[in-house]
Structure formats: C-alpha cells, structure tokens
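# Structural overview for review
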Amino acid sequence: MTTTYLIVPGYTNSGPDHWQSFIEKKYSNVLRVLQDDWNSPSSLWVERLNQVIAGTRGDIVLLGHSCGAVTVAQWAAAHSCPRVKSLILVAPADVDAETAIEPIRQQRSLPTSRLRYRSLLIHSDNDEHLSVTRARTLAEQWGCETREFSGAGHIHTAAGYGEWSEGESLFESFTGINLIKAQGRD
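Residues numbered from 1 in each chain as written. Predicted model: local features only at pLDDT ≥ 70, side-chain atom pairs only at ≥ 80, totals over all residues. Heavy atoms only, no water.

### Describing the pattern of salt bridges
Enumeration over the complete set of coordinates arrives at ten salt bridges. Between R32 and E24 there is a salt bridge whose closest N-O contact spans 2.8 Å. Judged by relative accessible area, which is 14%, R32 ranks as buried. Salt bridges linked by common partners bring K26, E163 and E168 together as one network. (Salt bridge = Lys/Arg side-chain N within 4 Å of Asp/Glu carboxyl O. Buried < 20%, exposed > 50% of the residue type's maximum accessible area, 1.4 Å probe, protein only.)

Have a look at this one:
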C-alpha cells in the first residue's frame with residue numbers, strides 16, 4: 001500500500017503558488033488536510049487532523065507548514081498512531097512569541113516535550129515568525145532533526161517558495177518514502 005503524505009497548511013491556507021499546492025497537484029500520494037476556518041488556527045485544527053488521519057488508509061507522513069506545522073506538533077504531543085511514520089515541520093510559527101500576530105496566538109501553546117515520532121524541523125535563518133534560537137530550542141525539545149536554510153524567510157510563496165524541488169528531495173530523503181508522480185503530469 002502507498003504511503004500518503006498529508007499536507008497541513010497554515011494560517012490562511014496555502015495559495016495556488018505555494019510549495020504545498022505544487023506537491024498536492026504533482027503527486028498522487030499527497031492529500032491536503034482542509035480546515036473549516038483558515039483564519040482561525042485553534043485546537044479544532046488538531047481535531048480535524050486527527051479525523052483525517054483516522055480516515056486515511058495505510059501509512060502516513062505528516063507535512064506541516066507554519067501554523068500547520070504547529071497543528072502537527074500539537075497532534076503528535078497528544079495522539080499516537082502507529083501508521084504515522086514521520087513528521088516534517090516546515091517553518092513552524094512561534095505562536096507563543098510576544099511578537100506573534102494576533103490571529104495565530106489563539107493556537108497557543110506549543111508542546112514542550114519530545115514528540116513520539118521521527119521528526120524533521122526545517123527553518124530559515126531569517127524567518128519573521130520563528131527565530132533561529134527558538135527553532136533550535138523547539139527542535140531540541142521535540143527531538144527533531146533540523147535543516148536550516150539561509151535567507152529563506154518563512155519558506156512560503158512571498159519568500160519565493162513555489163515549486164520546491166529541493167524540498168521534495170529533502171522530504172523523500174528524510175522519510176525514505178517517495179512522492180509518486182500523478183499520471184499524466186511531468
């Protein structure tokens with residue numbers, strides 16, 4: 001059975017030019033977790049993720065960005081599912097920071113203990129929503145491997161991260177699970 005990559009977008013969802021949207025369109029084993037309200041990240045997001053995991057057949061890789069990465073970490077701190085093989089947390093928003101924008105503060109608090117899953121935290125050295133120091137602290141607390149990108153901002157569309165082949169290779173390398181090209185797509 002094919003392993004499914006569940007992509008978990010953040011605040012306001014990932015638009016059509018975001019790397020998560022590109023991989024969703026490009027690969028047949030990628031599904032997007034949909035939220036009822038993309039402008040209000042909250043504990044409801046964790047419950048929706050849990051519902052999607054329960055309804056997904058086979059093994060799973062969770063791939064979150066920004067508040068979606070926060071959702072994945074919060075889910076992993078509270079739930080256990082042997083079908084979840086690994087977590088990839090790209091630019092998790094520091095929702096606990098004093099400088100966090102108001103709409104994402106309702107997603108507080110970030111977990112402070114080791115996550116139950118093999119995890120990779122990908123961050124940038126100039127992310128406006130996650131300092132390098134905080135990224136390293138979270139990675140240590142959560143037991144994550146890390147990958148730091150130079151000058152990548154929040155690793156989103158505005159920072160130039162549309163189609164992201166380096167990211168796709170990194171995801172496959174970390175998990176050992178291939179992204180499967182959708183038929184009829186190059």
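Past the structure itself, the notes keep going.
### Here's the deal with the environment of Q183
Along the chain, the position of Q183 falls in the segment after α6 (165-175). C-alpha of Q183 to C-alpha of Y27: the two residues are 156 residues apart in sequence and 8.5 Å apart in space. (Helix = DSSP H or I, 4+ residues; strand = E, 2+ residues; numbered from the N terminus.)

### Digging into α6
Within the span of α6, buried status applies to G167, E168, L170, F171, F174 and T175. Seen end-on, α6 carries its buried residues on one side only, within an arc spanning 160°. Tucked into the core, α6 has its buried residues touching β1 (4-8), α1 (19-26), β3 (60-65), β4 (84-90), β5 (119-124) and β6 (145-149). Directly after α6, the chain includes G176, whose backbone phi takes a positive value near 75°. (Arc of directions from axis to C-beta. Contact = heavy atoms within 4.5 Å.)

### Here's the deal with the packing of aromatic side chains
Under the counting rule described, the total for this entry stands at seven aromatic pairs. Their ring planes at 45° and their centres at 5.6 Å tell us that W19 and F171 sit as a pair that is tilted. Within this pair, whereas W19 is found in helix α1, its partner F171 is found in helix α6, the two being separated by 152 residues in sequence. Between F149 and W164, the aromatic rings sit 5.7 Å apart at their centres with planes inclined by 65°, giving edge-to-face as the arrangement. (Phe/Tyr/Trp six-rings, centres within 6.5 Å; stacked < 30°, edge-to-face > 60°.)

### Concerning the pairing of β4
Remark: a regular strand shows side chains that alternate across the two faces of the sheet. Counting buried positions along β4 gives six out of seven residues, so the element sits mostly inside the fold. Note that the unit made of β3, helix α3 (residues 67-78) and β4 has a crossover that is right-handed. Pairing analysis gives four bridges linking β4 to β5, with the strands arranged parallel. Looking at the pairing, L87 lines up with S119 of β5. (Right-handed = clockwise from strand over helix to strand, strands pointing away. Pairing = 2+ DSSP bridges.)

### Brief notes about the side chain of D94
In this structure, D94 sits in the loop between β4 and α4 (102-105). Residue classification places D94 among the buried residues on the basis of a relative accessible area of 9%. Setting aside residues up to four positions removed in sequence, D94 forms contacts with A100, L110, H129, L130 and R134.

### Looking at the sheet that holds β1
Pairing is parallel in the open sheet, where six strands are placed in the order β2-β1-β3-β4-β5-β6. Looking at the sheet topology across the chains shown, the edges are occupied by β2 (30-32) and β6. Each adjacent strand pair in this sheet contributes to an overall mean axis angle of 20°, direction not counted. Pairing analysis gives five bridges linking β1 to β3, with the strands arranged parallel. Bridging across to β3, L6 finds its partner in L62. Sitting on the sheet, α1 touches β1, β2, β3 and β4, and the angle it makes with β3 is about 150°. Sheet contacts for α6: β1, β3, β4, β5 and β6; angle to β4, the most-contacted strand, approximately 145°. (Axes fitted to C-alpha atoms, helices over the stretch in contact; angles between N-to-C directions.)

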